[in-house]
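Architecture at a glance
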Amino acid sequence: MFRINENFLKLQGSYLFSTIASKVSAYTEANPDKKIIRLGIGDVTLPLCPAVIDRLHSAVDEMAVKETFKGYSPDLGYEFLRKAIADHDYKERGVDIDIDEIFVSDGAKSDSGNIGDIFSVDNKIAVCDPVYPVYVDTNVMAGRTGEFDKDKGVFRDVIYMPCTAENNFIPELPKETPDIIYLCFPNNPTGTTIPKAELQKWVDYALKVGAVIIYDAAYEAYITEDDVAHSIFECEGAKACAMELRSFSKNAGFTGTRLGFTVIPKELKCGDVTLNSLWARRHGTKFNGAPYIVQAAGAAVYTPEGQRQIKEQIAYYMNNAKIIREGLKSAGYDTYGGVNAPYIWMKTPHGMSSWDFFDYLLQKAGVVGTPGSGFGPHGEGYFRLTAFGDTENTKEAVERIIRTC
Ligand code: MLT
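What you see is a predicted model; the values in this text were computed from it and never measured.

**Concerning the overall build of the protein**
- Each helix and strand counted, the protein has 12 helices and 17 strands in total.
- Taken along the three principal axes of its C-alpha coordinates, the protein extends 60 × 55 × 50 Å.
- Residues counted as buried form 47% of the 405 residues belonging to the protein.
- Across the protein, every contact between residues at least 6 apart in sequence was considered, and the portion connecting residues at least 24 apart equals 73%.

Listed below in structure tokens is the structure:
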């Protein structure tokens, strides 16, 4: 008789964004004439930029011709893309990354979940609270956590590092020593970030205690302030204790096209074993690469036209962030983030719980956001709005929130 992975039974309900989607579809079914404005999931709304679309078309044409047709992608991804990444994302910031340290994938969400394969289940993880749910849920699935503690709203045997307005959303170094530390800056969900000097403290700490940092930099393109690192490898010593996840979803609109990459420096070792070699083995065995046409389109992001066009899109979303941030602030709401990230984190009004506020806003204003408590217990009393919407809808959503609450 087969048995299931019982760790899955520890998970609570469905994935956060699936829960929200079902609540919203139940509401729209019951109220078909109501216009809903969706500022919930961080999904982009602008189309892929012309440089990317042109390259997608030409790459499709290559696939139609015997001489240029491509089958399986190289294990780590096409060299043209890895070279573009190494040059633009790293060399231009003074960071030397070898192309063999870059692993192209179908996105940062998959990588952040799959990376656990190379670590022992005995490792103790530390996460910020609130946190992108994928980091925790995938560790639950792997058996790297205890049961869910319903009273505290946390999984046992996980180190949660509170990030709230009281500590300026900067996690403190944990009292208990973790083995694996997940950091995401600019942060999802809070939309806040930490200065490079603070990030350096984490690198120093990881080196001291022998922990590895899984650094999610999916939102780096939204950084506007000079003292914020775009890559953890800008910090001294980081190559010996960190790996970095990157995505084409948020900077170039690939949420539906799927492309990302993970950087694992060869200096990152456990004893004599490089994590790079383990991930290469895992990648080669379990993954057959992102499609050629998508990797070709990804490389187009790094052309001068691609860079100009994606910067315009990022500016568009950051203008939405400003509309939300300043609109809500001037109406007296406590808001955070939205300066170096496309998320605004607001305090719920009148002490409402995050889910009560979600239901209230959906019913009364037809606006969808994400309840802060869905990201962890210290997200309770907060609410996340995304700047990835259409500008007119974003303005209307802010007006509706202010009018209704
Ligand atoms: C979010 O809304 O937090 C993200 O869009 C989810 C994701 O990137 O998977």
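**Quick look at the sheet that holds strand S3 (residues 125-129)**
- Spatially, the seven strands line up as an open sheet ordered S2-S10-S9-S8-S7-S3-S6, and their pairing is mixed. Pairing within the sheet leaves two strands with one partner each, and these edge strands are strand S2 (102-105) and strand S6 (159-162). Across this sheet, the average inter-strand angle for adjacent strands is 20 degrees, counted without regard to direction.
- Relative to strand S10 (residues 260-263), S2 runs antiparallel, the two sharing four bridges. When the bridges of S10 are listed, Phe103 appears paired with Thr262.
- Those strands touched by helix H6 (residues 196-209) are strand S7 (180-184), strand S8 (212-216) and strand S9 (242-247), and its axis lies near 150 degrees from that of S8.

**A short note on the pairing of S3**
- Where burial is concerned, most of S3 is hidden: five out of the five residues are buried.
- Residues of S3 alternate between two faces, with Ile125, Val127 and Asp129 on one and Ala126 and Cys128 on the opposite face, all of them buried.
- Summarising the sheet, S3 and S7 pair through two bridges and their orientation is parallel. The residue bridging Ala126 from the neighbouring strand is Ile181, located in S7.
- Where S3 and S6 come together, four bridges link them in parallel fashion. Bridge pairing in S6 places Val127 opposite Tyr160.

**With respect to the packing of helix H2 (residues 50-63) against helix H9 (residues 292-300)**
- Between H2 and H9, the least distance of the axes is 8 Å, while the angle of their chain directions is 145 degrees. Crossing geometry of H2 relative to H9 is assigned as right-handed. Seen from H2, the contacting residues are Ala51, Val52, Arg55, Leu56, Ala59, Val60 and Met63; seen from H9, they are Tyr292, Ile293, Ala296, Ala297 and Ala300.
- Residue classes in the contact of H2 with H9 are distributed as 11 nonpolar, no polar and one charged.

**A word on H2**
- Compared with an ideal rise of 1.5 Å per residue, which puts 14 residues at 20 Å, H2 spans 20 Å between its outermost C-alpha atoms and is within 8% of the ideal.
- Within H2 the residues assigned to the buried category are Ala51, Val52, Arg55 and Ala59. Buried residues in H2, looked at end-on, bunch into an arc of 90 degrees, giving them a common side. Of the exposed residues in H2, those oriented more than 90 degrees away from the buried face are Pro50, His57 and Asp61.
- Tucked inside the fold, the buried residues of H2 contact helix H7 (249-252), H9 and helix H10 (304-330).

**Quick notes on the sheet that holds strand S16 (residues 370-371)**
- Spatially, S13-S14-S17-S16 is the arrangement adopted by the four strands of the open sheet, whose pairing is antiparallel. Each edge of the sheet is formed by a strand with only one pairing partner; in this case those strands are strand S13 (335-337) and S16.
- Bridge analysis of strand S14 (residues 343-347) against strand S17 (residues 382-386) gives five bridges, and the strand direction is antiparallel. Bridge pairing in S17 links Trp345 to Arg384.
- Strand contacts of H10: S13, S14 and S17, with the helix running at about 15 degrees to S14, the strand carrying the most contacts.

**Observations regarding the environment of Ser277**
- Note on placement: Ser277 falls in helix H8 (residues 275-286).
- Residue class for Ser277 comes out partly exposed when judged on the 13 C-beta atoms lying within 10 Å of it.

**A few points about the pairing of S7**
- Counting buried residues in S7 gives five out of five residues, a clear majority hidden from the surface.
- Residue alternation in S7 divides its side chains into two sets, Ile180, Tyr182 and Cys184 and Ile181 and Leu183, and both sets are buried.
- The sheet contact formed by S7 and S8 spans five bridges and is parallel. Pairing of Tyr182 across the sheet is with Ile214, part of S8.
- Handedness of the S7-H6-S8 crossover: right-handed.

**Points about the domain arrangement of the protein**
- Once the domains are mapped, the protein shows domain 1 (6-48 + 305-404) and domain 2 (53-303).
- Distance from the C-alpha centre of domain 1 to the C-alpha centre of domain 2: 24 Å.
- Between domain 1 and domain 2, the contact holds 38 residues from the first and 46 residues from the second.
- Secondary structure elements with two or more residues in the side of domain 1 that touches domain 2: H10, S13 and S14.

**Quick look at the packing of helix H11 (residues 354-365) against helix H12 (residues 391-404)**
- Between H11 and H12, whose axes approach to 10 Å, the crossing angle comes to 105 degrees. Taken together, the axis directions place H11 and H12 in an arrangement best described as roughly perpendicular. For the pair H11 and H12, contact is made by Leu361, Lys364 and Ala365 and by Arg400, Ile401 and Thr404, respectively.

**So, the environment of Ala26**
- For Ala26, the location among the structural elements is in helix H1 (residues 16-30).
- A tally of 11 C-beta atoms within 10 Å means that Ala26 is categorised as exposed.
- C-alpha of Ala26 to C-alpha of Pro171: the two residues are 145 residues apart in sequence and 37 Å apart in space.

Rules behind the numbers
- Along each chain, numbering runs from 1 in the same order as the chain's sequence is written.
- Whole-chain, interface and lining totals are the exception, using all residues; otherwise, since this is a predicted model, local features are given only for residues with pLDDT of at least 70 and side-chain atom pairs are given and counted only at 80 or more.
- Per the convention used, a helix needs a DSSP run of H or I reaching at least four residues, while a strand needs a run of E reaching at least two, with both numbered from the N terminus.
- Three exposure classes are used. Buried residues have 20 or more other C-beta atoms within 10 Å of their own C-beta, exposed residues have 12 or fewer, and partly exposed residues fall in between, all C-beta atoms being placed from the backbone.
- We call two residues in contact whenever the C-beta atoms placed from their backbones are within 7 Å.
- Paired strands, in this sense, are two strands between which DSSP finds at least two bridges.
- Throughout, an axis means a line fitted to C-alpha atoms (over the contacting stretch in the case of helices), and angles, computed between N-to-C directions, take values from 0 to 180 degrees.
- What makes a crossing left-handed is the near helix being turned counterclockwise from the far one by less than a right angle; a clockwise turn instead makes it right-handed.
- Amino acid classes used here: Ala, Val, Leu, Ile, Met, Phe, Trp, Tyr, Cys and Pro are nonpolar; Asp, Glu, Lys and Arg are charged; the rest, including Gly, are polar.
- Expected helix span is given by 1.5 Å per residue-to-residue step, counting one fewer step than there are residues.
- It is the directions from the helix axis to the C-beta atoms that the arc portrays.
- Crossover handedness is defined here as right-handed if the route from the first strand over the helix to the second strand goes clockwise, with the strands pointing away from the viewer.
- The domain limits used here are those given by an automatic or database domain assignment.
- In these notes the angle categories are as follows: under 35 degrees is roughly parallel, over 145 is roughly antiparallel, 65 to 115 is roughly perpendicular, and the rest is oblique.

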